[in-house]
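A closer look at the structure
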Amino acid sequence: MRPVRIALTKGRLEKDTVKLFEKLGYDCEQLHNKGRKLILQIPDANIEVVLAKAADVITYIENGVCDIGVVGKDTIMEYGGSFFEVCDLGFGKCKFALAGKKGADFYAGHSEKTIATKYPNIARRFFNGKGMDIRIVKIEGSVELAPLLSLADAIVDIVETGSTLKENGLEVFEDIAPISARLIVNTASLKMNKEAVENIINQIESVK
């Protein structure tokens, strides 16, 4: 029987998922000593682990080259996709927030606001829900710079502790949505490899 292939988001979510695997008693030696390898084995559980960037985890799940994925809710909200979102894994917790210069009245006036963000789809949906017209500036690096340089009236970004905002004279104006790591599954895998995939999902849900 072929291994169940699990795509993990590289970085913090990867580390937290490995801890979860160890709670299940999986042999995670290859995951701890991976070097530059991107495909690793958990031989005792017949699992193959693929390490990828967050957006690519969704791509691999949608296209059926991986069965199960671990990805942040932020990536799911931004990119969407065709897959089952099975459960909240309870780690990687933070939030999306609207933030800007401390003391500024963001909602004052009637002029079109400029929003800087790495997440244009999420920002657009948020302001559409308020019936507001906005101009979006896509930023790849430190989005906090945009209001400081007067490029934008505010930012939509992930906030964990808020310390980066505070240190740069910014504050949260409004919370948008909570974020955490989610378990996603390819729709065909639940039919074609149902027993093996459901077994892993049940194990994960038992210890998360």
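A brief look at the structure comes next. (Residues numbered from 1 in each chain as written. Predicted model: local features only at pLDDT ≥ 70, side-chain atom pairs only at ≥ 80, totals over all residues. Heavy atoms only, no water.)

A word on the sheet that holds strand 1 (residues 4–9)
For clarity, the cut-off: Pairing between strands is defined by DSSP: at least two bridges between the two strands are required. In this text, helices come from DSSP runs of H or I with a minimum length of four residues, and strands from runs of E with a minimum of two, each type numbered from the N-terminal end. Throughout, an axis means a line fitted to C-alpha atoms (over the contacting stretch in the case of helices), and angles, computed between N-to-C directions, take values from 0 to 180 degrees. Any two residues whose heavy atoms approach within 4.5 Å at even a single point are treated as in contact.
Taken in spatial order, the six strands line up as 2-3-1-4-11-5 in an open sheet, and their pairing is mixed. A single partner strand is all that each edge strand has here, and the edge strands are strand 2 (39–42) and strand 5 (84–88). Direction aside, the axes of adjacent strands within the sheet are offset by 25° on average. Both strand 5 and strand 11 (residues 181–185) contribute to a ladder of four bridges, which runs antiparallel. By the bridge assignment for strand 11, F84 is matched with V185. Sheet strands in contact with helix 1 (residues 12–23) are strand 1, strand 2, strand 3 (47–52), strand 4 (68–72) and strand 11, and its direction is about 135° off that of strand 1.

With respect to the nonpolar core
For clarity, the threshold we go by: Residues enter a nonpolar core if they are buried and are Ala, Val, Leu, Ile, Met, Phe, Trp, Tyr or Cys, with the set joined through side-chain atoms within 4.5 Å. Here's how the labels work: a residue is buried when its accessible area is under 20% of the maximum for its type, exposed when over 50%, partly exposed in between, all with a 1.4 Å probe on protein chains only.
Core analysis: the largest hydrophobic core is formed by 30 residues, its most contacted members being F21, I68 and L89. Secondary structure elements with two or more residues in this core: strand 1, helix 1, strand 2, strand 3, strand 4, strand 11 and helix 9 (194–207). For this core, the element with the highest residue contribution is helix 9, accounting for five residues.

Points about unusual backbone geometry
Note: most peptide bonds trans; most residues except glycine with negative phi. Backbone geometry places N46, a non-glycine residue, at a positive phi of 55°. Residue position: N46 is located in the loop between strand 2 and strand 3. With relative accessibility at 28%, the residue N46 sits in the partly exposed group. With phi around 60°, S150 is a residue other than glycine that occupies positive phi space. Within the fold, S150 resides in the loop between helix 6 (145–148) and strand 9 (154–159). Accessibility expressed as a relative area gives 58% for S150, which makes it exposed.

A few points about the environment of V156
By the element assignment, V156 lies in strand 9. In this structure V156 comes out as buried when scored by relative accessible area, which is 0%. For the pair V156 and V207, spaced 51 residues apart in sequence, the C-alpha separation works out to 33 Å. Other than its neighbours up to four places away in sequence, V156 contacts F96, A97, L98, I115, A116, T117, K118, Y119, A123, F127 and I176.

Quick notes on the pattern of salt bridges
The following threshold applies: Here a salt bridge means any side-chain nitrogen of Lys or Arg lying within 4 Å of a carboxyl oxygen belonging to Asp or Glu.
If you walk through the whole model with that rule in mind, you get 11 salt bridges. Here E48 ties to R5 by a salt bridge, and the two come within 2.8 Å at their closest N and O atoms. Highlighted residues: E48 in strand 3 and R5 in strand 1, separated in sequence by 43 residues. Residue class for R5 comes out partly exposed when judged on its relative accessible area of 29%. Between R182 and D88 there is a salt bridge, with the nearest N and O atoms lying 3.8 Å from each other. Pair noted here: R182 is in strand 11 and D88 is in strand 5, with a separation of 94 residues, a long-range link. Because the salt bridges share partners, they merge into one network encompassing K73, E85, D88 and R182.

Section: the state of the cysteines
The following threshold applies: Two cysteine sulfurs form a disulfide in these notes if their separation is within 2.5 Å.
Tallied over the full model, the rule gives zero disulfides. Lacking any disulfide linkage, C28 is separated from the closest cysteine sulfur, that of C66, by 17 Å. By relative accessible area, C28 is classed as buried at 4%. You can see C94 has no disulfide; the closest cysteine sulfur is in C87, sitting 17 Å from it.

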